[in-house]
Amino acid sequence: MIREECDSTLIRRGRTALTFWEMSQFADTLSSRPLATLLEELPDIAQLSTAKFNLATITLRRRFRTEAPIDQIQLRQIANEIAATVPDPFIATRIRELFSPDAA
């Protein structure tokens, strides 16, 4: 319960989304959230269910493709640095895959 109180609106919305409308709201929030904030939330995003993580991946990759090539490289590096701090290898892999070169 304490963890949920500390979670951002995005993460709470992602965890609780069940209907098409709620999933759409989650995707819209991902699309409009500042990238700096999203980067901080990557470990929590990577812990969402498979369906919700897949939706987040599609949405974030769409945003990623619109970034300048130099920014894409920087985003990959930051995601890799964040993944390196995550003790769970499954979650770390999910984070790395979000901005992997073959994702763009």
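Check the entry above for the structure.
On a predicted model such as this, the values are computed, not experimentally measured, just so you know.

About the criteria used
Residues numbered from 1 in each chain as written. Predicted model: local features only at pLDDT ≥ 70, side-chain atom pairs only at ≥ 80, totals over all residues. Heavy atoms only, no water. Helix = DSSP H or I, 4+ residues; strand = E, 2+ residues; numbered from the N terminus. Buried < 20%, exposed > 50% of the residue type's maximum accessible area, 1.4 Å probe, protein only. Contact = heavy atoms within 4.5 Å. Areas by Shrake-Rupley, 256 points an atom, 1.4 Å probe, with all protein chains shown as cover. Salt bridge = Lys/Arg side-chain N within 4 Å of Asp/Glu carboxyl O. Phe/Tyr/Trp six-rings, centres within 6.5 Å; stacked < 30°, edge-to-face > 60°. Lys NZ or Arg CZ within 6 Å of the ring centre and 35° of its normal.

### Notes on the overall build of the chain
Point 1. Looking only at helices and strands, the chain features seven helices and zero strands.
Point 2. Secondary structure elements of the chain occur, N-terminal to C-terminal, as α-α-α-α-α-α-α.
Point 3. A principal-axis box enclosing the C-alpha atoms of the chain has dimensions of 35 × 30 × 20 Å.
Point 4. Counting the 104 residues in the chain, one finds 42% classified as buried.
Point 5. A separation of at least 24 residues holds for 66% of the contacts in the chain among residues at least 6 apart in sequence.
Point 6. When the accessible surface of the chain is split by element, carbon and sulfur atoms take 58% of a total near 6200 Å².

### Some points on the pattern of salt bridges
Point 1. Applying the stated criterion to the full structure yields one salt bridge.
Point 2. E41 is the salt-bridge partner of R33, the closest N and O atoms lying 3.0 Å from each other.
Point 3. Given a relative accessible area of 18%, R33 falls into the buried group.
Point 4. Take E41: its relative accessible area is 8%, and that puts it in the buried class.

### Description of the packing of aromatic side chains
Point 1. Evaluated as defined, the whole model comprises one aromatic pair.
Point 2. Lying across the ring of F53, R94 places its NZ or CZ 4.2 Å from the centre.

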